[in-house]
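# Inside the fold
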Amino acid sequence: MQTDLSNIRNIGIMAHIDAGKTTVTERVLFYTGASHRIGEVDQGSTVMDWMPQEQERGITITAASTTCFWKGCRINVIDTPGHVDFTIEVERSLRVLDGAIAVFTAVEGVQPQSETVWRQADRYGVPRLAFINKMDRTGADFQAAVETIRQRLGANAVAYQIPVGAAESFRGVVDLVRMVQIDWPDGHNFVERPIAEDLAAEAEVARELLVDAVGSEDEEVLSAYVETGTVSEEILHRATRRLVIARKIIPVFCGAAFRNRGVQPLLDAVVNYLPSPLDMPAVQGGDPNNESRKVVRNASVDEPFCALAFKVMSDPFVGSLTYLRVYSGEIAVGQVALNPRTGKRERLQKLLQMHANKREEVQSAGAGTIVAVASLKNVGTGDTLCDQKAPIVLESMTVPEPVIWMAIEPKTKADEEKMVGALSRLADEDPTFRVRFDKDSGQTIIAGMGELHLDIIRDRLDREFRVSCQVGRPQVAYRETIGREGVGTGVFHRMAGGKMQSAEVRVRLAPAERGAGTTVSETLSGALIPRECIAAAVLGAREATERGALAGFSMVDVVCQVQSGVYTEGESTDMAFRVAASMAVQDAATKAEPVLLEPIMRVEISAPEEYTGAVLGDLSGRRGVVDRRESRGGMQVVEAEVPLAAMFGYATDLRSATQGRASFSMQFDKYAEVPAQVAQEVIRRYRGY
Ligand code: GDP
């Protein structure tokens, strides 16, 4: 099946929670005819948010992808969650989409989560449009919102529309490229009319600004302006498309999705300005048989097939579903693709075009498309699938480490096995969710990105896997690191099985930059110590870094070097080397000023002015550091860094301190050293856990 790739748009919609991403998506599906009714978030009936938990909580969790058509273009909307506990969902969506709409609200403008997602999108080089939603709300201010995009995100935001009215009187927009007014008198249909007299002057000025902004980046616009004193619609469209794709401007649109205003022109902008797969640079990857060789694939069905599995989910109807973004070539039902990570061949039995929670079988999928494959067993999130004759490994995505954990156990002992199986399936789907068995306490431990994340997991165990579980109190995932260099020695010398076993290993630990992770290497001379023993020493050292010297939390940001060892013929075994190396790391760590680290959250609280004192007082009691305060729409907005350990129960406390009139959001920011006094207490509590 040959498709014209220039008519495909793979887009995502990203936003701070509650900015209206789901509502915008619903309207997009409605106007493109992909859904026949309007879903309302507040009534729990949306098309995209289809997991029962999502409908009850009114949030978007899974990155479902859905297809719709607008003006001859096929638009694949990849849903990105607004809640930051699901940051991996954002990462994986950004990894595979070609362009995005960033939704902001007309009252708050840029909020911290939208800032986070914006930076992630920068990292992946995603071209964007901005949509200022909720123009109908009291306090809506389009220009102020555009300004926050410029100031806080440092983006070259250019208004492509101005609103007609604001708050209660908001009824439409002026299209500054075509210089027409678009009104939505009632319901879904809009009418185009000449710009109202009282807006004409403002619209002229705004268009001048637009032409200025585009002209200063684009030759064609500049010369048209210099020659004729004006710039045609067509030239502006062309130039805008170039500049958006080059990420030089962010065109800004506005509306009120909930009131069905502003969505159709936004869809026009997606078609006109966001890139098709052909506009994106060719994908790069490595040759699995030769690590140093780079391989490039152009977006074309004539190239060998390659695709990235960006999401694996278990589906109540078809079992496992693997979402693929196809970058090059084409694959048909029944064909075989190679998974270079496992070296296994996978037969693609069933290809599905996903439409939120409905699906349509298709016979093939070519470059540029997004397709789901049913029942692939050995393909994980981030794996590449490719033509066996032309292997390639595509770059995967960044997976953050969990910051919170808790013990979990089934309500009835008989469910133990079922629970373990279900947890491991959930971990396959979601790389930020981890499961481990703690030998010392005999408990199963689950870890994730926040309380909500783990709560949803427990809920899914109950509903989808029919295992009722109870969980312990949520605990902070502390880490350990070292403050300076340390050298340690491990000597293993013991009778085992009637035979003396011995080995000696010396290890050097050095601090690495925060966020660098832990690396283990060796400089043992291969001539004197057998290779198996060296490998065993490296393994032992690595295992030891997973248990820090203070309270057994895993060590991060450490460079560990296995420096030397003593091998005794007839006595030294792999096992002896492994244990000796582990002892050496423990020894080195105690000498290297071990330090406890804790996750620090970025918290934004919005409360009526009269509660500012209460909010700030409470934050300082939580070791919070306030780094921004401002008034927005009659509310005081406070931004602070607060240790996660001090944030449990915050929702309840804030509610009672402000009579329920404040709201807050929080997200993981970084790991930082725990102050000495607090550290003592944490170590006492967890030592030997
Ligand atoms: P998401 O969390 O970004 O997906 O946001 P939702 O789409 O769930 O919307 C959050 C809330 O804002 C819901 O109560 C919506 O009904 C409401 N909302 C969405 N768009 C608008 C709008 O244009 N105007 C107003 N007044 N409310 C809106």
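Heads up: these notes are all about the structure in this document. All of these numbers come straight from a predicted model, not from anything done at the bench.

### Some words on the packing of helix H12 (residues 531-545) against helix H13 (residues 574-591)
A packed helix pair is summarised by two numbers, namely the angle formed by the two axes and the spacing between the axes. Following both chains from N to C, one finds H12 and H13 inclined at 35°, their axes separated by 7 Å at the closest point. Considering only the axes of H12 and H13, their crossing is right-handed. Side by side, H12 and H13 meet where Glu-532, Cys-533, Ala-536, Ala-537, Leu-539, Gly-540, Ala-541, Glu-543, Ala-544 and Thr-545 of the first sit next to Asp-574, Phe-577, Arg-578, Ala-581, Ser-582, Val-585 and Gln-586 of the second.

### Regarding the site of the ligand
Looking at the ligand, there are 17 residues lining it, with Asp-18, Lys-21, Thr-22, Thr-23 and Asp-136 nearest. A distance of 3.1 Å separates an oxygen atom of the ligand from a polar atom in the side chain of Asn-133. Between an oxygen atom of the ligand and a main-chain N or O atom of Phe-258, the distance comes to 3.2 Å. Coverage of the ligand by the protein amounts to 87% of the 580 Å² it exposes when considered alone. Of the residues in the shell around the ligand, the class split is 6 nonpolar, 5 polar and 6 charged.

### Remarks on the sheet that holds strand S9 (residues 180-183)
What the 4 strands build is an open sheet, ordered S7-S8-S9-S10; its pairing is antiparallel. Sheet topology places strand S7 (161-164) and strand S10 (191-193) at the edges, where each strand pairs with a single neighbour. This sheet shows a mean twist of 25° between the axes of neighbouring strands, independent of strand direction. Judged from the 3 bridges that link them, S9 and S10 form a sheet pairing that is antiparallel. Counted as the bridge partner of Gln-181 is Arg-193 from S10. Set on the sheet, helix H6 (residues 197-215) makes contact with S7, strand S8 (172-175) and S9; between it and S7 the angle comes to about 160°.

### Comments concerning the pairing of strand S27 (residues 443-448)
Counting buried residues along S27, 5 of its 6 residues qualify, which places the element largely inside the surrounding structure. As paired strands, strand S26 (residues 434-438) and S27 are joined by 5 bridges and run antiparallel to one another. Across the sheet, Asp-438 pairs through a bridge with Gln-443, a residue of S27. In this antiparallel pair of consecutive strands, S26 and S27, the connection spans 4 residues, and Gly-442 shows a positive phi of 70°.

Rules behind the numbers
Residues numbered from 1 in each chain as written. Predicted model: local features only at pLDDT ≥ 70, side-chain atom pairs only at ≥ 80, totals over all residues. Heavy atoms only, no water. Axes fitted to C-alpha atoms, helices over the stretch in contact; angles between N-to-C directions. Helix = DSSP H or I, 4+ residues; strand = E, 2+ residues; numbered from the N terminus. Left-handed = near helix turned anticlockwise from the far one by under 90°. Contact = heavy atoms within 4.5 Å. Near = heavy atom within 4 Å. Polar contact = N/O pair within 3.5 Å; in protein donor to acceptor, adjacent residues only side chain to side chain. Areas by Shrake-Rupley, 256 points an atom, 1.4 Å probe, with all protein chains shown as cover. Nonpolar A, V, L, I, M, F, W, Y, C, P; charged D, E, K, R; others polar. Pairing = 2+ DSSP bridges. Buried < 20%, exposed > 50% of the residue type's maximum accessible area, 1.4 Å probe, protein only.

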